[in-house]
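Chain and residue survey
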Amino acid sequence: MSDQVLLVIDPQNDYFPEGKYPLWNTGPVLEKMKQAIKTANEKSIPVILICHEGTENSPFFNPKTVGSEIHPEIQKLVPNAPVITKHFADSFEQTQLATLLSELKVSELLLCGMMTQNCITHTALSKEAESYQVTVVQDACTTADAMIHGIAVNALSVRTRLIEVEQI
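These notes cover the structure that comes with them. (Residues numbered from 1 in each chain as written. Predicted model: local features only at pLDDT ≥ 70, side-chain atom pairs only at ≥ 80, totals over all residues. Heavy atoms only, no water.)

**A few points about the overall build of the protein chain**
The following threshold applies: The helix count covers DSSP runs of H or I at least four residues long, the strand count covers runs of E at least two residues long, and both are numbered beginning at the N terminus. The size measure is the radius of gyration over C-alpha atoms, and the globule rule it meets is 2.2 Å times the number of residues to the 0.38 power. Buried means the residue's accessible area, taken with a 1.4 Å probe over protein chains only, is under 20% of the maximum for its type, while exposed means over 50%, and partly exposed covers the values in between. When charges are counted, Lys and Arg are positive and Asp and Glu negative, with His and the chain ends excluded. Each charge is placed at NZ for Lys, CZ for Arg, CG for Asp and CD for Glu.
Secondary structure assignment for the protein chain yields 5 helices and 6 strands. Mapped from its N terminus to its C terminus, the protein chain presents α and β elements in the order β-α-β-α-β-α-β-α-β-α-β. For 168 residues, the compact-globule estimate of 2.2 N^0.38 gives 15 Å, and the C-alpha radius of gyration of the protein chain, at 14 Å, lies within 12% of that figure. Each principal axis of the C-alpha atoms in the protein chain carries an extent, and together these give about 40 × 30 × 30 Å. Taking all 168 residues of the protein chain together, the buried fraction comes to 54%. Here the protein chain contributes 12 positive and 20 negative side-chain charges, whose respective centroids are spaced 3 Å apart.

The following block contains the structure:
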């Protein structure tokens, strides 16, 4: 068993071109996320998918909609990966993520996914994440635009390790 785990945060359909809130650079980032998952699979690094669920009145990620589902290309690569459903930016907040990580006995979290300045940052800086080495796979993350992504990555650089997919 690996001492690392790959958390793929919110790779959901609403963030892609046909969704309700398409983000910047999703095509290349999808390929990087897929590459990260393939590398994790090759190295026996467990993959956990994180899925944000809104409410019926949310602007996106409405429950039981295609938009709230994990992107099919991601799901295809890890059909049996555990899925943690969250309702806050922090993937630990009111979820079973900490329990699952404890069961896996990991020491390092590799984070990638959507909304660099929000869900990636809040998970990376979570009080619950303090007991792990946190590494952000920066080229496998995206948000609303390049500037916000860059600002978030720069802010994370003082508290987390930053790598590219090839460094996993």
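**Regarding the packing of aromatic side chains**
To keep it simple, the criterion reads: Here a pair means two rings of Phe, Tyr or Trp (six-membered ring of Trp) with centres within 6.5 Å. Their orientation is stacked below 30 degrees between planes, edge-to-face above 60, and tilted elsewhere.
If you walk through the whole model with that rule in mind, you get 5 aromatic pairs. Between Tyr15 and Phe60 the ring centres are 5.6 Å apart and the planes differ by 55°, which places this aromatic pair in the tilted class. Here Tyr15 is found in the loop between strand 1 (4-9) and helix 1 (26-42), whereas its partner Phe60 is found in the loop between strand 2 (47-52) and helix 2 (72-77), with 45 residues between them in sequence. Using a relative accessible area of 3% as the deciding quantity, one classes Tyr15 as buried.

**Digging into the sheet that holds strand 3 (residues 83-86)**
Formally: At least two bridges found by DSSP between two strands is the condition for calling them paired. Helix axes are fitted to C-alpha atoms over the stretch in contact, other axes to C-alpha atoms as well, and angles between N-to-C directions run from 0 to 180 degrees. Whether two residues are in contact is decided by their heavy atoms: any pair within 4.5 Å suffices.
Taken together, the 6 strands give an open sheet; going across it, the order is 3-2-1-4-5-6, and neighbouring strands pair in parallel fashion. Strand pairing shows two members of the sheet lacking a second neighbour, strand 3 and strand 6 (161-163), which therefore form its edges. Direction aside, neighbouring strands of the sheet carry axes that sit 25° apart on average. Pairing of strand 1 with strand 4 (residues 108-114), which is carried by 6 bridges, proceeds in the parallel orientation. Looking at strand 4, one finds that Leu6 is bridged to Leu110. Along the sheet face, helix 1 touches strand 1, strand 2, strand 4 and strand 5 (133-142) and points at about 140° away from the line of strand 5. Against the sheet, helix 4 (residues 116-124) engages strand 1, strand 3, strand 4 and strand 5, with an angle of about 165° to strand 4.

**Quick look at the nonpolar core**
Buried together is how nonpolar side chains tend to be arranged in soluble globular proteins. Rules: Nonpolar core, defined: a set of buried Ala, Val, Leu, Ile, Met, Phe, Trp, Tyr and Cys residues in which side-chain atoms within 4.5 Å join the residues together.
Judged by nonpolar contacts, the single largest core of 54 residues is most densely connected at Leu6, Met33, Ile48, Leu101 and Leu109. At the level of secondary structure, the elements contributing two or more residues to this core comprise strand 1, helix 1, strand 2, helix 3 (97-104), strand 4, helix 4 and strand 5. It is helix 1 that provides the largest number of residues to this core, a total of 6 residues.

**Quick notes on the environment of Pro11**
Inspection of the secondary structure assignment puts Pro11 in the loop between strand 1 and helix 1. For Pro11, a relative accessible area of 0% corresponds to the buried category. Taking the C-alpha atoms as reference, Pro11 lies 8.2 Å from Leu49; in sequence the two are 38 residues apart. Setting aside residues no more than four positions away along its own chain, Pro11 makes contact with Phe16, Met33, Ile50, Glu69, Ile70, His71, Ile74 and Met114.

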